[in-house]
Amino acid sequence: MANNENNEEHNSKEPQEKPVISDETLESIVRKFQDSFTGGNKQHKFWETQPVGQFKDVGNSGLPEGPIEDPTPLSEVKQEPYNLPSLYEWVTCDMDNEETCAEVYNLLTNNYVEDDENMFRFNYSKEFLGWALRPPGYFKSWHIGVKVRASKKLVAFIAGVPARIRVRNEVVSMAEINFLCVHKKLRSKRLAPVMIKEVTRRVHLENIWQAAYTAGVVLPTPITTCQYWHRSLNPKKLIDVGFSRLGARMTMSRTIKLYKLPDSTVTSGFRKMELRDVPAVTRLLREYLAQFVVAPDFDENDVEHWLLPREDVVDSYLVESPETHEVTDFCSFYALPSSILGNQNYSILKAAYSYYNVSTKTPLLRLMNDALIVAKKKDYDVFNALDVMENEAFLKELKFGPGDGQLHYYLYNYRLQNAVKPSELGLVLL
Ligand SMILES: CC(C)(COP(=O)(O)OP(=O)(O)OC[C@H]1O[C@@H](n2cnc3c(N)ncnc32)[C@H](O)[C@@H]1OP(=O)(O)O)[C@@H](O)C(=O)NCCC(=O)NCCS
């Protein structure tokens, strides 16, 4: 079996992933090859009816970029919710309410995304959900639950939040759709399409006609396909829980040494972001994101919400020049633990996910190494990053190993003439 460059083999990873590329057997290569065909030929009874790029249109340069369907007058948007099977009812989840937040948390903790081998399951914290679902201008009506009529038990969820996303030169009002989850006992009953249609209806009622979302599964049609990379911070635990494997000819102690990080950050002027930094960070980020084909259009309110540090939810650091006091660089990550399923010794994997990073003066490599150092200090076990934006420039060098999963990005009711490269994508969805 081949190793990655760090002499460490990742086995099963975390939610959303498939076999490691560097670890491929002939069988898995053949399977991927077949999948790449069936991905395009497989029937999508639901998605074929939706205004999304269809596989049959891939490569058809006659189709224009932009909205696929025009908005309809609001009075023509269906006013009543879609029908659910009679045992179930729609609820709007009030995320200000702790009990409701706990219900959503419990549904997701027990039923949300798992890796292919069912070793790990995303465990978004309540605080994280409160943050992710209530950005500036959010709509309560977009936090949609399905309950059993009789018992009032929450059995499914889907959520949207508003965002302005720029596609090339056009800033488009969109919904970011996330946290689609159906209880394990209710799977494969075509509930997901009803939930997607219902959230779409409620988005339309706010006069918004486009959406962005990600998924580990192939649907019609990704605007790009990204790969996760993982940087071990606590290699012994990662190996003990089966997240990674000891590389060939590697001992545990050599592996621990390989991933060791300094105790403190090295860049002078590197510090935690504060409220007073919001204007400077917004300027830095806006200028930086302008180079990507698809990226959020953040204003100061967005930056305050999405990037101001929140304990165990999101963390941001910047470099303030000791001489000029100018903010020159920025890095951030969010906290998304996974439950470790069926391990005697550990129940939670602490993972940090790279969010938005901007380097203008501090080399990106040094900036991200400092991000790794603070993440290690905060006791994260692993630091994850997608190959979006300029991340490829530091991944291998900083001893990230490629993960075994892909994350596909999608737009709803917006056609891009060609798929973009991960490095042309300036958007990270939670
Ligand atoms: C994703 C999930 C809600 C789908 O529900 P399900 O019971 O498996 O599937 P259903 O029978 O209700 O619906 C199937 C349809 O939903 C689509 N679908 C499945 N997963 C989807 C996703 N993540 N995003 C959008 N559509 C999805 C399928 O492609 C299919 O439509 P098609 O026939 O046009 O291809 C469910 O499997 C689940 O909760 N999984 C764990 C959490 C998860 O993976 N969430 C998605 C995170 S991106």
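Residues numbered from 1 in each chain as written. Predicted model: local features only at pLDDT ≥ 70, side-chain atom pairs only at ≥ 80, totals over all residues.

Undergrad: Would you mind going over the environment of H44 with me for this structure?
TA: Within the element layout of this structure, H44 appears in the loop between α1 (26-41) and β2 (88-92). Accessibility expressed as a C-beta count within 10 Å gives 16 for H44, which makes it partly exposed. Put simply, H44 and Q54 are 10 residues apart on the chain and 9.8 Å apart in space, counted from C-alpha to C-alpha. Residue contacts for H44: discarding those within four places in its chain leaves L219 and P220. (Helix = DSSP H or I, 4+ residues; strand = E, 2+ residues; numbered from the N terminus. Buried ≥ 20, exposed ≤ 12 C-beta atoms within 10 Å, placed from the backbone. Contact = placed C-beta atoms within 7 Å.)

Undergrad: Just to check I follow, could you spell out the environment of D115 for this structure?
TA: With respect to the secondary-structure elements, D115 resides in the loop between α2 (98-111) and β3 (120-122). Placed 289 residues apart in sequence, D115 and D404 show a C-alpha to C-alpha distance of 9.6 Å.

Undergrad: Mind showing me how you'd approach the pairing of strand β19 (residues 401-412) here?
TA: The two faces of a sheet get side chains in turn, since along a regular strand they alternate between them. For β19, the tally of buried residues reaches 10 of 12 residues, placing the bulk of the element in the interior. Pairing geometry for strand β7 (residues 210-215) and β19, over 5 bridges, is antiparallel. From the neighbouring strand, A211 faces β19, where its bridge partner is Y412. In this structure, strand β8 (residues 224-232) lies alongside β19, joined through 6 bridges in antiparallel fashion. Directly across from T224, in β19, lies its bridge partner Y409. (Pairing = 2+ DSSP bridges.)

Undergrad: Could you clarify how one ought to interpret the UniProt feature "domain: Glycylpeptide N-tetradecanoyltransferase C-terminal" (unreviewed entry) in the protein chain in this entry?
TA: Here, UniProt's "domain: Glycylpeptide N-tetradecanoyltransferase C-terminal" (unreviewed entry) annotation points to residues 240-424. With 25% helix and 28% strand, the stretch residues 240-424 has end C-alpha atoms that lie 36 Å from each other. (UniProt positions renumbered as here; feature names shortened; annotations may be inferred.)

Undergrad: Please explain the domain arrangement of the protein chain as it appears in this structure.
TA: A common way to express how large an interface is: the accessible area buried when the components associate. With domains assigned, the protein chain is organised as domain 1 (37-215) and domain 2 (224-424). On a C-alpha basis, the centroid separation for the pair domain 1 and domain 2 is 26 Å. Of the residues lining the interface, 39 residues belong to domain 1; the matching set on domain 2 comes to 34 residues. For the side of domain 1 that touches domain 2, the secondary-structure elements that each account for two or more residues are β3, α3 (126-132), β5 (154-167), β6 (170-182) and β7. Tallied by class, residues from the side of domain 1 that touches domain 2 come to 23 nonpolar, 9 polar and 7 charged. (Domains from an automatic or database assignment. Nonpolar A, V, L, I, M, F, W, Y, C, P; charged D, E, K, R; others polar.)

Undergrad: Any chance you could explain the site of the ligand here in plain terms?
TA: Around the ligand, the surrounding shell holds 20 residues, and the nearest of these are H44, F46, W47, R187 and A192. Looking at the shell around the ligand, the elements that each hand over two or more residues are β6 and α4 (191-204). (Near = placed C-beta within 6 Å.)

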